[in-house]
Amino acid sequence: MAVDQAQTVTTAGVCAIAAYAGVRAIGAYNGRAMPRAFVLPDLGEGLTEAEIRQVLVREGDVVREDAPLLEVETDKATVEIPSPIGGRVERIHVAPGQTVKVGQVLVTFGDGGAPSGKQAADTLDPTRTLAPEPKTMVTDAGAARQTTSAPARTDGPVPATPATRRLARELGVDLRTVSGTGPGGRVSDEDVRTAAAAPPPAAGEQPPARPSAETPVVARPLARASVEPPPLPKFEQYGPIERQPLSHLRRTIAERMTLSATLVPHVTHFDRADITDLDALIRRNLEAGKARGVTLTLTSFLLKAVAQALGEHPHFNASLDPAAGELIVKRYVHLGVAVATERGLIVPVIRDVDRKPLLEIQRELGALASRTREGKATLDDLRGGTFTVTNIGALGGTGAIPIINYPEVAILGVARGREEPLVRDGAIVPRLLLPLSLTFDHRVADGADGARFASAIVHRLEHPDALLLGF
Amino acid sequence: MVMGDLVREVDVAVIGGGPGGYAAAFRCADLGLETVVVDAGKRLGGACLFEGCIPSKALLHVAAVLGEAERAREFGVDFGPPRIALDPLRKWKSERVVGKLARGLASVARGKSVEVVGGRAVFEDSRSLRVEGDEPQKIRFKHAVVATGSQPAALPGAPPASDRILDSTAALDLPDVPERLLVIGGGYIGLELGQVYAALGSKVSLVEMTDGLLPGVDRDLVLPLARRCEKAFLAIHLGTRVGDLRDVGGGVQASFADKTATFDRVLVAVGRRPQSDGLGLEATRVGVTARGFIEVDERGRTADRHVWAVGDVTGEPMLAHRALRQGKVVAEAIAGRPAAFDNVVVPAVVFTDPEVAWCGLTEREAEAAGRPVKVAKFAWAASGRAATLGRADGFTKLVVDPETGRVLGVGITGPGAGELIAEGALAVETAMLAEDLALTIHAHPTLSETLMEAAETLLR
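Just so it is clear, the structure is predicted and the values come from calculations on it, not from any experiment. (Residues numbered from 1 in each chain as written. Chains lettered and ligands numbered in written order. Predicted model: local features only at pLDDT ≥ 70, side-chain atom pairs only at ≥ 80, totals over all residues.)

Engineer: How do you make sense of the sheet that holds strand 14 (residues 259–263) of chain B when you look at a structure like this?
Structural biologist: Sheet strands pair via backbone hydrogen bonds, and the direction of the pair is either parallel or antiparallel. All names here are of chain B. Spatial strand order, 12-13-14: three strands in an open sheet with antiparallel pairing. Because the sheet does not close on itself, it has two edges, and the strands there are strand 12 (242–247) and strand 14. Neighbour to neighbour, the strand axes of the sheet diverge by 20° on average, direction disregarded. The sheet contact formed by strand 12 and strand 13 (residues 252–256) spans five bridges and is antiparallel. Looking at the pairing, leucine 245 lines up with alanine 254 of strand 13. (Pairing = 2+ DSSP bridges. Helix = DSSP H or I, 4+ residues; strand = E, 2+ residues; numbered from the N terminus. Axes fitted to C-alpha atoms, helices over the stretch in contact; angles between N-to-C directions.)

This is the structure we're talking about:
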């Protein structure tokens, strides 16, 4: 009855503002007896079924471990399910278009399927693999926080009261790594809080190459702050209430927005771009674009302008590593574009915007936005962004301050362009003005940096020739 | 209701209405989760209330009263020989004690809107189960909690339970007071029930396979109990196996230690085994050990992320208070709170006369692990309170970390040890130092002073 195989197939890393970080597929391999049945793995909270899009193997095929078996589509994304083991596919129980439930048998493997060493290791603690993501922001962010002062204890329980141990769990502190200051080495609430506020150890991975800076600076982790929300009042005393569970996407958005808003000191710079000339250019070329199957929109020019400005201001195309005390500057420009869908905000990503011609950006943008609205965006569509543009113009308003799509460091908000009276050479002229707001992480950049970066974007929008020539 | 057609959707389905089950269900309800309990007897309380802790303690109280009345002759008070009427005794036990508590649990369940469905639950998959029996239905759940408990283990090779060969459940029903009773098993169940029947007038013989009573417990803690049992029982055979057990009509013939003897009834008390079969667990990903225990992590979650388990079915020690705590942990974990069963101590109490209670690290365990400990003992012969009770046969023991002085374990033998161990459990669970016990004022004259006194012997 034991779960012989359990494996995390996919984990969406950093996706989108609205991100959608949660899609993970866990392959469950019921290895009770030969032949072995592979069932639809649990796809994450809230997802109980999926549609088979493609079957990538045929009966009789011998597949390697991790080779793609099937492509399934949930109401969130399309996920490829790899084989949990190497072996011969004896039977395929499903066909494209069919809706399958979690736990339903997809494929039966014949004899000869043997779990590999990696798989075996994964099974040692199936419950861990099967357990959900940490539930709260606090534990998520602070998982396995350690202090450096105490070596990990291994003998017996850590001396602490049950209440202190609960506090440690709530703050995501591993008690075994906390040195107790109480009598007999007892760990107090205070010790736990101190440990929770201490920076986590540096990640174990190979650090990326550092630029050969003229002045060698020693990287040190930043201090950490934690915030506990106070309990909610009993609203029932004021009138009837209803409790509605959040959807998976809503919860993901909520968690990531909370993370960003509590972790990142936001600062916003406002500017306006005179896009009268750019607008004329777009209008002039609309028909020509359509002849090539593309509808020109302002967004693609915006993306191009942002990508070029990021080239001049690379520290806005970055992520802060507070643990290492380093800024991770990305040498690629993948721009996220916020798309409002019926289920919530999702931010698909267009890759290498700096290197693509405008027409291609426009073409990708159209396809990506409709895929996203239809719920057909793949995980790859949603991750890897370095900077986000959110255009709220279609819905009106004069401006907005978006929240940074963590762990990016800046986001550009664009409101509706309007014809407004502008004083030029002493005369009032009607011009088409586009309100922009650049919100950025004040840990990474200061107001002057933000102003310069915003100007670089505005300059390109106001001078389409510079934009198109890449000046 | 259409047979089998009803599909109910709930947040949490709890299987089994014992302490682990109702603790989980009540806490789930408190946390706003729609919860239903499936119980074969359509009642809350489980083995603890109906065939374990509670009825046995009621009968042990009767035995204690009989013992005290007899000992009162020492003080010059003679009640005369006791007359025992079994019908009123059974009625008191099942109505005034068990019945009252059962009604209390039922009313708590109603107050918390926890419905109890009668029937046997069988998993159909990781999200649904089928209820067979009185109220057949399907239940779709987001989470299931398996709290099916344990049942008395049978003696390998022995004939099945009958009128004369009883398990602990049957013995607690008190069918009669047999003249000659054989108790097989010198663990806590055999000793508790052996003392009950001895007090009621049976001649009790006890057979234990290992070389001592209460296997696994520190020998010094067991000694006062063993001495008392030697007086109260007809015979105690240690290191002995019962070879053959035969119902011969009018009695049971048992052969052990190279002889054969006939008894009016035999109580088989050789332990309990987890109840994990017949639940349809093979339709889930739940992992079960060779001994039938459901494997859970520290939050009580099985290998199937929708299925949790608590209580006896998850392993030793099979004690109601462990299940109660596990039930609350699981409920909070289901509700998304960072709960874990991280308890250091699960106190154990044998409700015999004298009571034996211990918690945390025992001397035996320390020795087996090669862990150096300091041991402090205080004999009740020096306790004022023990003297006034006429009971000087108890003692209190602390097992302490030699470096830090932290209390790692506590053992107590004597009347009231089961109540006294609470302070020991608190000391170990909260990582107190022996000094803390020594420097806390304990009321005088009470038996609780013995904990303080034992701790004082460690002060320099």
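More follows now that the structure is in view.
Engineer: Looking at this structure, how should I read the pairing of strand 22 (residues 407–414) of chain B?
Structural biologist: For a regular strand, the rule is simple: side chains alternate between the two faces of the sheet. Residues and elements named next belong to chain B. Extensive coverage of strand 22 is indicated by the burial of eight of its eight residues. Of the pairings in the sheet, the one linking strand 19 (residues 355–360) to strand 22 comprises six bridges and is antiparallel in character. Counted as the bridge partner of glutamate 355 is glycine 414 from strand 22. Sheet analysis places strand 21 (residues 395–400) next to strand 22, joined by six bridges and oriented antiparallel. Of the residues in strand 22, the one forming a bridge with valine 400 is valine 407. Joining the antiparallel neighbours strand 21 and strand 22 is a turn of six residues, in which glycine 405 adopts a positive phi near 80°. (Buried ≥ 20, exposed ≤ 12 C-beta atoms within 10 Å, placed from the backbone.)

Engineer: What is the right way to read the sheet that holds strand 15 (residues 265–268) of chain B from this model?
Structural biologist: Residues and elements named next belong to chain B. Ordered in space as 8-15-9-10-11, the five strands form an open sheet in which the pairing is parallel. Only two strands of the sheet have a single partner each, and these edge strands are strand 8 (165–166) and strand 11 (235–237). Where strand 9 (residues 180–184) and strand 15 come together, four bridges link them in parallel fashion. What sits directly across from isoleucine 184, in strand 15, is valine 268. Running at roughly 165° to strand 10 (residues 203–207), helix 6 (residues 188–200) makes contact with strand 9, strand 10 and strand 15 of the sheet. (Contact = placed C-beta atoms within 7 Å.)

Engineer: It is not clear to me how the environment of Leu468(A) should be interpreted in this structure. Could you clarify?
Structural biologist: Residues and elements named next belong to chain A. Positionally, leucine 468 belongs in helix 12 (residues 464–469). On the basis of neighbour count, leucine 468 is assigned to the partly exposed category, with 15 C-beta atoms found within 10 Å. As for leucine 468 and leucine 358, which are separated by 110 residues in sequence, their C-alpha atoms are 8.3 Å apart.

Engineer: Just checking my understanding: could you explain the packing of helix 3 (residues 53–71) of chain B against helix 4 (residues 86–111) of chain B for this structure?
Structural biologist: Angle between the axes and distance between the axes are the two parameters that describe a pair of packed helices. Residue and element names in this part refer to chain B. Relative to each other, helix 3 and helix 4 sit at 135°, their axes nearing to 10 Å. The angle between helix 3 and helix 4 falls in the class oblique. Crossing handedness for the pair helix 3 and helix 4: right-handed. Contacts from Ile54, Pro55, Ala58, Leu59 and Val62 in helix 3 reach Leu89, Lys93, Val97, Val98 and Leu101 in helix 4. Tallied by class, residues from the contact of helix 3 with helix 4 come to nine nonpolar, no polar and one charged. (Parallel < 35°, antiparallel > 145°, perpendicular 65-115°, else oblique. Left-handed = near helix turned anticlockwise from the far one by under 90°. Nonpolar A, V, L, I, M, F, W, Y, C, P; charged D, E, K, R; others polar.)

Engineer: Quick question: what am I supposed to make of the packing of helix 1 (residues 19–30) of chain B against helix 8 (residues 320–334) of chain B here?
Structural biologist: All names here are of chain B. One way to put it is that helix 1 packs onto helix 8 with a least axis distance of 7 Å and a crossing angle of 30°. Between helix 1 and helix 8, the interaxial angle falls into the category roughly parallel. The interaxial crossing formed by helix 1 with helix 8 has right-handed handedness. On the side of helix 1, the interface is formed by Pro19, Gly20, Gly21, Ala23, Ala24, Arg27 and Cys28, while helix 8 contributes Ala320, Ala323, Leu324, Gln326, Gly327, Lys328, Val330, Ala331, Glu332 and Ile334. A class-by-class count of the residues in the contact of helix 1 with helix 8 yields 10 nonpolar, four polar and three charged.

Engineer: What is the right way to read unusual backbone geometry from this model?
Structural biologist: Peptide bonds are mostly trans, and most non-glycine residues show a negative phi. Residues and elements named next belong to chain B. A cis amide bond links glutamate 316 with the next residue in sequence, proline 317, at an omega value of -10°. Among the secondary structure elements, proline 317 is positioned in the loop between strand 17 (307–309) and helix 8. Following histidine 444, the chain continues to proline 445 via a peptide bond in cis, the omega torsion being -5°. Within the secondary structure, proline 445 sits in the loop between helix 12 (434–438) and helix 13 (449–456).

Without other data, these values stay purely geometric and don't point to any function.
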